[in-house]
Every structure is written in structure tokens, then in C-alpha cells.
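# What the coordinates show
The lines below spell out each chain.
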Amino acid sequence: MTLRLGYLLPTRERVMVGVHDTDRILELGDVAEEVGLDSVWIGDSLIAKPRHDPITLLAAIAARTERIALGTAVLLPMLRNPTLLAHQLATIDRISHGRFILGVGTARDVPAIRAEFAAAGVPFEKRIGRMLEGLRLCRALWSGEPVDWDGRWTLEGATLAPEPFTPGGPRIWGGGGVPAALRRCAVNFDGWFPSGPGGGAEWGASWNALQDDAREAGRDPAEVTGAAYVTVAIDDDPEAAEAELDSYLARYYNLPADRIRAEQYAFAGDRAAVAGWLGGFVAAGCSHLCVRVTGSDDARQMAGLAALRSEIG
């Protein structure tokens, strides 16, 4: 198994300190490709955690890169009309020549996220059913054939263009670790892309359960990519790394760091310790890691992460 390493671009972090320009984010996409990383990722939020629009920004990165994969970590598709979303994603899949990955999430039940749904005019309740139907509609529209649809949305003989570069449309990865989420990924999606809690052992136990779900659904488990979204702080001084991770998580989420650590894959330590921790995911079967690295020097962090590849696992 070949490990693919990705980097989460700091759109949220820059907005938090009042930096709204996009030039540096686009440059970091170039840097990621130059240092040998396999993917770059951008998160999604309207008003709960304000940041740049991921689809627009990834399209710009796609146009100036050649090799690197580009993904959302993660998009809330239920906040978008699925016909419009299908059109946007087919276009970015064309721009990137099939390098786009649609990471999707179901949204946590917290006041800020509920307010975000209200601001978008979308009911928060039954959001998972809305997401699944919307993605089915996207895939139907990506076929290039006329679509009749009678559900939350109504279409009669609708045809969408352009057709995606990827036959059938971009890869869709879903997250979540509860049994229902694992079954949902095993049946419906091309990849599993959770963000915690625990580490490689916990990820591996859920991955094994997901593979069993795929077999029960009559699907080859090899059709599902095993991925993970993790956060790390790296410092030669482990205590400094711990302090940096706690500070980062508290600032980012405006919640106690220990609560976020209990909910997400997060680790702090020196280079060897971080490599060992990431290697636990690889040993459990994870083939694609999206890594969010704390610290402000992203170009240096990218180069360091790429260099760490040989030490992982």
C-alpha cells in the first residue's frame, strides 16, 4: 500500500487573524506540489467558522497545478442546492482533470452549526437524508443523461453540462465513526474520511467494521479508500508541542482543547513521535492522510511533512 499525504490549507486560520487575501493560499498549493505532497485540502463553513469558499479556491489551485489532488475537508453539501453543486463540481473536476475529491460531512449538532443552516435557509433536521438524496441527484446529473427527479427537488428531463472528467463524477468520501456512518460510507461512498477520536488503533477498529459492512452490502471493500483527517504539532521540545497543540485547538474552535482532543485525531510531539503516531494509522490500513499542522510557517511545515513520509510506518 502506498501512503498518500495531504495538507490542510490554512483558510480558517488566516481569516481568524484578519488576512482575507488569497494569493498566499494559491502559492501554498504550488508549494505542496513542489515538495512532493499528494493532496491539498480546504475546509468549509459559511458563518460558523468563516473562511474562503473551498470550491472556488480549489478550482483556482487546480488551474495552476498539474499533479496534486484537491479535496474538501469537509464540505456540507446539504447547504447547497444539489443541481448547482453538481454543476460546480463537474466543472472543477474538468479543470483538475479528475484530481478533485469531494469530502463530505453531516454537521455537528451545536448552536453555531444550527445557525449556519438557518442562515442558508436549510432545515437542520433530517440533514443526513437531505445530504444522501442530494448526492444521489448529483451523481444522476453527472451521468450526462436526462434526469427526472421527484423528491426534495424536482427535475424533468434535466441535462447538466459539462460532464465530469471522472466517469460518474468526482470521488466522494464521507466521515463519521458511529455504526450508521460506517454503513453509510460502506454502501454509498468511495472513501471513508473520519476525524476522530483516538488514534490508529481506534481508526483501525472502525475500518474493519466498515469493511465488514461493505461485504454485507455485496461490495468489494477494496473499492473504499481508507483515509483520515488528523492534526499534529511538531517540535523538538515535546512540552512545547503539547502547548502549541492546545493553544491552536482552543483558538480554532473556541472550546477547551481537551474536549477537542477527545473528539478528534490530534497529537503533539517531536518528529519521531509524530511519525510513529501517524504510522499507527498506516499500519491499520489507512492509505491517505490529510494532515493539519499547527504553526504559521506553512511552506516549512509542508516540506517537513513530505520529508517525514519515509519515517511513517
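Refer to the structure above for everything that follows.
The sections below set out a description of the structure shown in this document.

How each quantity is defined
Counting of residues starts from 1 at the beginning of each chain's written sequence and follows it residue by residue. The model is predicted, so local features are restricted to residues of pLDDT at least 70 and side-chain atom pairs to those at 80 or more, both for listing and for counting; the totals for chains, interfaces and linings are taken over all residues. Note that water and hydrogens are dropped before the side-chain values are worked out from all heavy atoms of the structure. Numbering goes from the N terminus for both helices and strands, where a helix is a DSSP run of H or I of at least four residues and a strand is a run of E of at least two. In this analysis, two residues are considered to be in contact whenever any of their non-hydrogen atoms come within 4.5 Å of each other. Computed over the protein atoms alone on a 1 Å grid, cavities are sets of points where a 1.4 Å probe fits but cannot get out and pockets are open sets with protein on both sides within 12 Å along at least five of seven lines; a residue lines them when it has an atom within 4 Å of a point. Grid points are joined across faces, edges and corners, and a volume is the space filled by probe spheres set on the points. Classes in brief: Ala, Val, Leu, Ile, Met, Phe, Trp, Tyr, Cys and Pro nonpolar; Asp, Glu, Lys and Arg charged; the others, Gly included, polar. Here the axes come from fitting lines to C-alpha atoms, over the contacting stretch only for helices, and the angles between their N-to-C directions go from 0 to 180 degrees. Convention used here: angles under 35 degrees read as roughly parallel, angles over 145 as roughly antiparallel, angles from 65 to 115 as roughly perpendicular, and any remaining angle as oblique. When the near helix sits turned anticlockwise from the far one by under a right angle, the crossing is termed left-handed; a clockwise turn instead gives a right-handed crossing. Pairing of aromatic rings covers Phe, Tyr and the six-membered ring of Trp, with a centre-to-centre limit of 6.5 Å; geometry is then stacked below 30 degrees between planes, edge-to-face above 60, and tilted otherwise. Exposure is judged per residue with a 1.4 Å probe applied to protein chains only, and the accessible area is read against the type maximum: over 50% gives exposed, under 20% gives buried, and values in between give partly exposed. Relevant arc is that of directions from the helix axis to the C-beta atoms, nothing else.

### Notes on the environment of phenylalanine 124
- Here phenylalanine 124 shows up in the loop between α5 (111–119) and α6 (127–142).
- The spacing of phenylalanine 124 and arginine 219 is 95 residues in sequence and 31 Å in space, taken between C-alpha atoms.
- Not counting residues within four places of it along the chain, the set of residues in contact with phenylalanine 124 comprises Ala107, Arg108, Asp109, Ile113, Arg114 and Phe117.

### Remarks on empty space enclosed by the protein
- Applying the stated criterion across every chain yields a total of one cavity of 30 Å³ or more.
- Taken as a whole, the largest cavity encloses approximately 70 Å³ of empty space.
- When residues of the lining of the largest cavity are assigned to their parent elements, the largest contribution, five residues, is made by α6.
- Each residue belonging to the lining of the largest cavity can be placed in one class, and the counts come to eight nonpolar, one polar and two charged.

### What to know about the packing of helix α4 (residues 82–95) against α6
- Relative orientation of the contacting elements α4 and α6 amounts to 50 degrees, with a least axis distance of 9 Å. Taken together, the axes of α4 and α6 lie oblique to each other. Crossing angle aside, the handedness with which α4 passes α6 is right-handed. Here α4 contributes Pro82, Thr83, Leu85, Ala86, Leu89 and Ala90 to the contact with α6, which in turn contributes Gly134, Leu137, Cys138, Leu141 and Trp142.
- Considered class by class, the residues forming the contact of α4 with α6 number nine nonpolar, two polar and no charged.

### Considerations on the packing of aromatic side chains
- Within this structure, the stated rule accounts for 13 aromatic pairs.
- Measuring from centroid to centroid gives 6.2 Å for tryptophan 192 and tryptophan 207, while their planes differ by 5 degrees, and the two rings are stacked. Separated by 15 residues along the polypeptide, tryptophan 192 in strand β8 (residues 191–192) and tryptophan 207 in helix α8 (residues 200–216) bring together distant segments of the chain.
- A relative accessible area of 7% means that tryptophan 207 is categorised as buried.

### Considerations on helix α12 (residues 298–308)
- Those residues of α12 that sit buried are Asp298, Gln301, Met302, Leu305, Ala306 and Leu308. Mapping the buried residues of α12 onto a view down its axis gives an arc of 160 degrees, with all of them on the same face.
- Buried positions along α12 lie against β1 (4–8), α2 (23–35), α11 (271–283) and β11 (288–293).

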